[in-house]
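In case you want the letters, here they are:
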Amino acid sequence: MKVLVPLKRVVDFNVHIRLRPDGSGVDKTNVKMSMNPFDEIALEEAVRLREAGKADEVIAVSIGIEKTQDILRTALAMGADRAILVTAEEDVEPLNVAKILAAVVTEEKPQLVLMGKQAIDDDCNQTTQMLAALLGWGQGTFASKIEVVDNSVQVTREVDAGLQTTRLSLPAVVSADLRLNTPRYATLPNIMKAKKKPLDITTPEELGVKVRQRLTILETVEPPPRQPGIRVASVDELVDRLKNQAGIL
Amino acid sequence: MIKVLLLAEHDNSVLNEATARAATAALAIGEVDVLVAGKNCASVAKSAAVLRDINKVLHADSETFAHHLAEPVADLLLELAGLYDAILAPATSNGKNVLPRVAALLDVMQISEIIEVIAPDTFVRPVYAGNALQKLRSDETKKVITVRTTAFEPVRSDASAPVEAISSNITNDKSSFVGEALADSGRADLTTAKTVVSGGRAFGSKEKFEELLFPLAEKLGAAIGASRAAVDADFAPNDCQVGQTGKVVAPDLYIAIGISGAIQHLAGMKDAKTIVAINSDEDAPIFEIADYALVADLFEAVPELTSKL
Ligand SMILES: Cc1cc2nc3c(=O)[nH]c(=O)nc-3n(C[C@H](O)[C@H](O)[C@H](O)COP(=O)(O)OP(=O)(O)OC[C@H]3O[C@@H](n4cnc5c(N)ncnc54)[C@H](O)[C@@H]3O)c2cc1C
Ligand SMILES: Nc1ncnc2c1ncn2[C@@H]1O[C@H](COP(=O)(O)O)[C@@H](O)[C@H]1O
């Protein structure tokens, strides 16, 4: 079975973002970009499925600007067999991403799409569910454990009340939560080998998808700052202030 | 009149407070019907009917909806969608699971986790783990929206709207329920608790986490939270995680103990009214947002605090 892994290139999770003062968005000049952390986890899981003999091929795909090739090379170094870049402007909305991914699925015919639960820049948490809907497939979101058994996949999901386990018939779409696994690092020899692996470049038009953005972002601003707090010298002072200053105890 | 359908959050016996909070956002958009989909959930439909200013409650009771699986619940919402201009759900794990599926099938972009309704087509939502707020407009003819419940007060429960049973012949061959491992229901609910005490990696073990944090939580009537590091190390179960990808909480008092204050953690708690941080490192980033900062060894400070409350 083929596994398709969609990856998004995002501002690295360690970066403290800066906003452009005119409210037009996040300043990404000279900012470190990386593979979305949840997508790394999804990719790791796909590679493990191949290593366990449950999958034959892992295909990484990303929709983004030309430079997105860098994270696709990282994906190849982590173990993906080949990669596809669909070139597009930055910040393509999830519905468009899902439509492009659905077109890739139609061409590649994977049995499983493994992706991240959430992109840490837009924090949308929708693309997986949208892709599953467009394909008419079952979805297993927020997975902390997956098992491929015969023609189905059993997914343990992290939900508000604890854990829920569901079974999906294949083909299906699954999104990775943090505790699914710990992704490996790309080693130097694998980074060298990855340079020779195939990376195809295509466009939404070639896939027959018209990108149309639906939301208009009017303004991006800083959240209101908190009032500075105070240091307390002891537990006694803390208790006293909570009682007499904050009035909460 | 703008017509809104709000998907209720519940466990088939109790209506979750998230619904009453999302109702506040829904009422700011238009006239609101609430959909209660589940199995043997008549008591939930009754609780939804007392939410103030609700127009009516739609009650869909079927084995197919028993476990809130996304595929059939999305199909149900889709069947009803024709009558509504907006479909809302609280941004709980169920709401987040179901609503984007509905949006894609309606061919509209979902607006995730709004924290403010400026106009029926204009909203504010956090991005980048809450480090930026986006004001955006949607020109979609149907709006599909999830609501960050901490940003809205619950509507009162003092009315009585009609409950209408609806039937459907939706089936589901895409997914099935296998089992669940639910959190200890005896403890205070993290998302609605007035006080939350949260522990981080510094506790070192599950034993210490429980030995020190539980008595403090008990004294305060508080819910237990945890950082990702504490959950990853198995000090606490996954449903305790607070943060960008865990739960978002906004209690009156949040006590962060042995937690460094990574932006992903702050994303889930920085809207608490009062924040106390206890950390041995005086440069810990958590202190930048704490109202009361105590530089101390938690192994001494926590028992002392518990004994002095
Ligand atoms: C995609 C992504 C999503 C994430 N989502 C979340 C999320 O939802 N929630 C979340 O919490 N994290 C999340 N994280 C992880 C986050 O980046 C941090 O790694 C995590 O919050 C750190 O947990 P911690 O503060 O417990 O541990 P540490 O960062 O290791 O901090 C431990 C703290 O304890 C202090 N300490 C040590 N000993 C003592 C002592 N004896 N007494 C008092 N203090 C002591 C130390 O000074 C330190 O500040 C996410 C990360 C990624 C990449
Ligand atoms: N531009 C993109 N290219 C490839 N995959 C994407 C892209 N945007 C989102 N995804 C995938 O969809 C997941 C959820 O993203 P989101 O719905 O934006 O939070 C991500 O973790 C990725 O796996």
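Residues numbered from 1 in each chain as written. Chains lettered and ligands numbered in written order. Predicted model: local features only at pLDDT ≥ 70, side-chain atom pairs only at ≥ 80, totals over all residues. Heavy atoms only, no water.

A.B. asks: Any chance you could explain the overall build of chain A here in plain terms?
C.D. replies: Helices and strands together make up the secondary structure of chain A, namely 6 helices and 13 strands. In terms of overall dimensions, chain A has a C-alpha envelope of 65 × 45 × 40 Å along the principal axes. By residue count, 57% of the 249 residues in chain A fall in the buried class. Taking the contacts inside chain A whose residues are at least 6 apart along the sequence as the reference set, 68% of them involve residues at least 24 apart. A total of about 11100 Å² of accessible surface is found on chain A, and carbon and sulfur atoms cover 51% of it. Across chain A, 32 positive and 35 negative side-chain charges occur, with their mean positions spaced 3 Å apart. (Helix = DSSP H or I, 4+ residues; strand = E, 2+ residues; numbered from the N terminus. Buried < 20%, exposed > 50% of the residue type's maximum accessible area, 1.4 Å probe, protein only. Contact = heavy atoms within 4.5 Å. Areas by Shrake-Rupley, 256 points an atom, 1.4 Å probe, with all protein chains shown as cover. Lys, Arg positive; Asp, Glu negative; His and termini not counted. Charge placed at Lys NZ, Arg CZ, Asp CG, Glu CD.)

A.B. asks: So what exactly am I meant to see when it comes to the site of ligand 2 here?
C.D. replies: Residue and element names in this part refer to chain A. What surrounds ligand 2 is a group of 19 residues, the closest being Asp39, Ile63, Ala119, Asn125 and Thr127. Ile63 places a polar main-chain atom, nitrogen or oxygen, 2.8 Å from a nitrogen atom of ligand 2. Between ligand 2 and Ala119, the relevant distance is 2.7 Å, taken from an oxygen atom to a main-chain nitrogen or oxygen of the residue. Considering ligand 2 on its own, with 490 Å² of exposed area, one finds that the protein chains cover 98% of that surface. Judged by the fraction of its atoms near the pocket grid, ligand 2 is located in the largest cavity. Residue contributions to the shell around ligand 2 peak at 3 residues, all from strand E4 (residues 57–64). (Near = heavy atom within 4 Å. Polar contact = N/O pair within 3.5 Å; in protein donor to acceptor, adjacent residues only side chain to side chain. 1 Å grid on protein atoms, 1.4 Å probe; cavity = no way out; pocket = protein on both sides within 12 Å on 5 of 7 lines; lining within 4 Å. Sits in = over half its atoms within 2 Å of the grid points.)

A.B. asks: How do you make sense of the environment of Thr192 of chain B when you look at a structure like this?
C.D. replies: Residue and element names in this part refer to chain B. Mapped onto the secondary structure, Thr192 falls in the loop between strand E11 (175–182) and strand E12 (195–199). Assessed through its relative accessible area of 31%, Thr192 is described here as partly exposed. Distance from Thr192 to Thr149, taken between C-alpha atoms, is 9.7 Å for residues 43 residues apart in sequence. Reaching out from Thr192, the side chain makes a polar contact with the side chain of Asp189 at a distance of 3.0 Å.

A.B. asks: Hey, could you run me through the sheet that holds E12 of chain B in this one?
C.D. replies: Across a sheet, paired strands are connected by hydrogen bonds in the backbone, their directions being either parallel or antiparallel. Read from one edge of the open sheet, 6 strands run E13(A)-E16(B)-E15(B)-E14(B)-E12(B)-E13(B), paired in parallel fashion. Two strands close off the open sheet at either side, each with one partner strand: strand E13 (230–232) of chain A together with strand E13 (223–226) of chain B. Across the sheet, the mean angle from the axis of one strand to that of its neighbour is 20°, orientation sign disregarded. Looking at chain direction, E12 of chain B and strand E14 (residues 253–257) of chain B are connected through 5 bridges and run parallel. Note on E14 of chain B: the bridge partner recorded for Ser198 of chain B is Ala256 of chain B. (Pairing = 2+ DSSP bridges. Axes fitted to C-alpha atoms, helices over the stretch in contact; angles between N-to-C directions.)

A.B. asks: Please explain empty space enclosed by the protein as it appears in this structure.
C.D. replies: If you walk through the whole model with that rule in mind, you get 4 cavities of 30 Å³ or more. Here the largest cavity defines a volume of roughly 470 Å³. In terms of lining, the largest cavity is formed by 35 residues, of which the most central are Leu7, Lys8, Ile63, Val97 and Ala119 of chain A. Within the residue set of the lining of the largest cavity, elements represented by two or more residues are E4, helix H3 (94–108), strand E6 (112–116) and helix H4 (127–135) of chain A. At 4 residues, the largest contribution of residues to the lining of the largest cavity is made by E4 of chain A. Within this model, the second largest cavity holds a volume of roughly 120 Å³. Lining the second largest cavity we find 13 residues, and of these Phe13, Val15 and Ile120 of chain A together with Tyr128 and Ile263 of chain B sit closest to its centre. Looking at the lining of the second largest cavity residue by residue, the classes come out as 8 nonpolar, 4 polar and 1 charged. The residues that make up the lining of the second largest cavity include at least three from each of domain 1 (3–165) and domain 2 (195–308) of chain B. (Points joined across faces, edges and corners; volume = space filled by probe spheres on them. Nonpolar A, V, L, I, M, F, W, Y, C, P; charged D, E, K, R; others polar. Domains from an automatic or database assignment.)

A.B. asks: What's the story with the domain arrangement of chain B in this structure? I'm lost.
C.D. replies: In many analyses, interface size is given as the accessible surface area lost on bringing the parts together. Residues and elements named next belong to chain B. Domain boundaries in chain B define domain 1 (3–165) and domain 2 (195–308). For domain 1 and domain 2, the distance between their C-alpha centroids amounts to 31 Å. Facing 5 residues of domain 1, the contacting portion of domain 2 comprises 7 residues. Together, the buried faces of domain 1 and domain 2 total about 550 Å²; carbon and sulfur atoms form 55% of this surface. Counting the surface domain 1 buries against domain 2, the share from its top three residues, Ala129, Arg148 and Thr150, is 73%. Inspection of the region where domain 1 meets domain 2 yields 0 salt bridges. Looking at the side of domain 1 that touches domain 2 residue by residue, the classes come out as 1 nonpolar, 3 polar and 1 charged. (Buried area = accessible area lost by both parts, 1.4 Å probe. Salt bridge = Lys/Arg side-chain N within 4 Å of Asp/Glu carboxyl O.)

A.B. asks: Sorry, what's going on with the pairing of E6 of chain A here?
C.D. replies: Looking along a regular strand, one sees the side chains alternate between the two faces of the sheet. All names here are of chain A. The buried count for E6 comes to 5 of 5 residues, which makes it a mostly enclosed element. Sheet analysis places strand E1 (residues 2–6) next to E6, joined by 2 bridges and oriented parallel. When the sheet's bridge partners are listed, Leu4 is paired in E6 with Val113.

A.B. asks: Honestly, unusual backbone geometry in this entry has me stumped. Any pointers?
C.D. replies: Residue and element names in this part refer to chain A. Geometrically, the link from Leu170 to Pro171 is a cis peptide bond, its omega value of 0° lying close to zero. Checked against the element boundaries, Pro171 lands in the loop between strand E9 (162–169) and strand E10 (172–176). If you check the backbone angles, Asp150 has positive phi at about 45° while not being a glycine. Relative to the helices and strands, Asp150 is located in the loop between strand E7 (138–149) and strand E8 (152–159). We classify Asp150 as exposed; its relative accessible area is 76%.

A.B. asks: What is the right way to read the interface of chain A and chain B from this model?
C.D. replies: Of the residues lining the interface, 78 residues belong to chain A; the matching set on chain B comes to 81 residues. Interface area, chain A with chain B, both sides summed: about 6700 Å², of which 54% is carbon and sulfur. Summed over the shared surface of chain A and chain B, the result is 7 salt bridges. Where Lys308 of chain B meets Asp236 of chain A, a salt bridge forms, and the shortest distance between an N and an O atom there is 3.1 Å. For the pair chain A and chain B, the number of links is 47 residue pairs in polar contact (both at pLDDT 80 or more). For the side of chain A that touches chain B, the secondary structure elements donating two or more residues are H3, H4, E7, E8, E9, strand E12 (215–221), E13 and helix H6 (235–244) of chain A. Counting residues per element, the side of chain A that touches chain B draws most heavily on E9 of chain A, at 8 residues. Residue composition of the side of chain A that touches chain B, by class: 38 nonpolar, 21 polar and 19 charged.

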